[in-house]
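Okay, here's what each chain looks like letter by letter:
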Amino acid sequence: MALDTPTRERIETLLNDHEVVLFMKGSRAQPMCGFSAAATNTLNELLPTYHTVDVLSDPEIREGIKEYGQWPTIPQLYVKGELVGGSDIIRQLYTSGELHTLFGASPPDRTPPEITITDKAADAIRGGMASAQGMSLHLEIGPDHSAGFQLAPAGDHDIVVHANGIEVHFDPGSAQRAKGVIIDWVSTVQGEGLSLKFPGAVEIHSMTVVELKARLDANDIVLVDVRPAHARAIAAPLPQARILEDEGYEALAALPKDTAIAFICHHGISSRAAAERFAAHGFTQLYNVEGGMDAWSVQIDSSVPRY
């Protein structure tokens, strides 16, 4: 479709008013798709401030920006009025160091980190990669120490580490955050999988729903509900709970570091991941509510719907 004049003028005004503009789904604080989240994570590494435009709340801009730069997907990054590209290109430029140059930042440190991979983890990785011909194991670690493994082709600018016979690929930021990390294979009530332990990491304590009720009654713990909106619509949050999706990590991370915080979800899986992110922010008293809202319904309050 042709780009109408009013929409073109709105886009040009945005680009003239802001040196760096990211057209995305959601906002920097709350991206609404994986690609937009990846783009903001990368930009957050290098820029304290930049302007974002939520295309979900503005259909004219959503379609218009695709026509304006002849780029079919969202997100899109513009710097000084020029289209840089989408999420993949942003990541490639970051890994190569070209994005640092574009923003006038210091070149990235490419020192390979020293990491440890346990025998169990190494065996599991080898088994998982047995049929992954032509693929490499990549480990991405975010600023909040949220981490993810993926199998993807090797990049020309990857930082490569060998440990216990396993080759791991990193981008520059992940490589620096991986220093001293221990990669293990663990078994929990939620299942088996790879686990990362960072140097000086705070232990996440398990808490039963009975213990949680006692702490809530004593008013000596902060409860954070990490469930998405659709789950909270089925089973309403406990009255004392603060909602992670509504407040965001930034607001809750401003609490005193010695605050006792319990995290709850449906069954106790995603809540542990949230607690680990807070551990990376320096919090020292963190608890995961085992069994989550389902256990609360069974053991504490049967009026809470199970789902």
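Above this text sits the structure in question.
Residues numbered from 1 in each chain as written. Predicted model: local features only at pLDDT ≥ 70, side-chain atom pairs only at ≥ 80, totals over all residues. Heavy atoms only, no water.

**Remarks on the overall build of the protein chain**
Right, on to step 1. Helix and strand counts for the protein chain stand at 12 helices and 16 strands.
Right, on to step 2. Taken over the C-alpha atoms alone, the protein chain extends approximately 60 × 50 × 35 Å along its principal axes.
Right, on to step 3. Expressed as a percentage of the 307 residues in the protein chain, the buried residues total 42%.
Right, on to step 4. Across the protein chain, contacts joining residues at least 24 apart in sequence account for 62% of those joining residues at least 6 apart. (Helix = DSSP H or I, 4+ residues; strand = E, 2+ residues; numbered from the N terminus. Buried < 20%, exposed > 50% of the residue type's maximum accessible area, 1.4 Å probe, protein only. Contact = heavy atoms within 4.5 Å.)

**Some words on the nonpolar core**
Right, on to step 1. Formed by 19 residues in total, the largest nonpolar core has its most connected members in Ile115, Ile117, Ile166, Val168, Phe170 and Ile183.
Right, on to step 2. Every element with two or more residues in this core is listed here: α6 (119-128), β6 (136-141), β8 (159-163) and β9 (166-170).
Right, on to step 3. Every residue in contact with Phe170, bar those within four places of it in the chain, is listed here: Pro113, Ile115, Leu139, Asp158, Ile159, Val161, Ala175 and Ala178.
Right, on to step 4. Listed in part, the 18 residues of the second largest apolar core include Leu223, Tyr287, Val289 and Ala295. (Core = buried A, V, L, I, M, F, W, Y, C linked by side-chain atoms within 4.5 Å.)

**What to know about the side chain of His169**
Right, on to step 1. Structurally, His169 can be placed in strand β9.
Right, on to step 2. Polar contacts involving the side chain of His169 include one to the side chain of Glu167, which spans 2.7 Å.
Right, on to step 3. Once residues lying within four places of it in the same chain are set aside, the contact partners of His169 are Ser136, Leu137, His138, Leu139, Ala154, Asp158, Ile159 and Val160. (Polar contact = N/O pair within 3.5 Å; in protein donor to acceptor, adjacent residues only side chain to side chain.)

**A closer look at the packing of aromatic side chains**
Right, on to step 1. Considering all chains together, one arrives at four aromatic pairs under this definition.
Right, on to step 2. Taking the centre distance of 6.1 Å and the plane angle of 55° together, the rings of Tyr68 and Tyr78 count as tilted. With Tyr68 in helix α3 (residues 59-69) and Tyr78 in strand β3 (residues 76-79), this pair connects stretches of sequence that are 10 residues apart.
Right, on to step 3. Exposure remark for Tyr78: the relative accessible area of 2% places this residue in the buried category.
Right, on to step 4. Measuring from ring centre to ring centre gives 5.1 Å for Phe263 and Phe278, while their planes differ by 50°; the resulting arrangement is tilted. Residue Phe263 is found in strand β15 (residues 260-264), and its partner Phe278 is found in helix α11 (residues 270-280); the two are separated by 15 residues along the sequence. In this pair, the class of Phe263 matches that of Phe278, namely buried.
Right, on to step 5. Lying across the ring of Tyr287, Arg215 places its NZ or CZ 5.4 Å from the centre. (Phe/Tyr/Trp six-rings, centres within 6.5 Å; stacked < 30°, edge-to-face > 60°. Lys NZ or Arg CZ within 6 Å of the ring centre and 35° of its normal.)

**A word on the pattern of salt bridges**
Right, on to step 1. Counted by the stated rule, this structure contains 15 salt bridges.
Right, on to step 2. For the salt bridge of Asp225 with Arg227, the shortest nitrogen-to-oxygen distance reads 2.8 Å.
Right, on to step 3. Residue Asp225 is classed as buried on the basis of its relative accessible area of 0%.
Right, on to step 4. Classification of Arg227 by relative accessible area gives buried; the value is 2%. (Salt bridge = Lys/Arg side-chain N within 4 Å of Asp/Glu carboxyl O.)

**Focus on unusual backbone geometry**
Right, on to step 1. Here Ile74 and Pro75 are connected by a cis peptide whose omega angle stands at 10°.
Right, on to step 2. Checked against the element boundaries, Pro75 lands in the loop between α3 and β3.
Right, on to step 3. Not every positive phi belongs to a glycine, and Lys80 is a case in point at roughly 55°.
Right, on to step 4. The exposure class of Lys80 is exposed, given its relative accessible area of 61%.
Right, on to step 5. The backbone of Asn164 shows a phi angle near 50°, a positive value even though the residue is not glycine.

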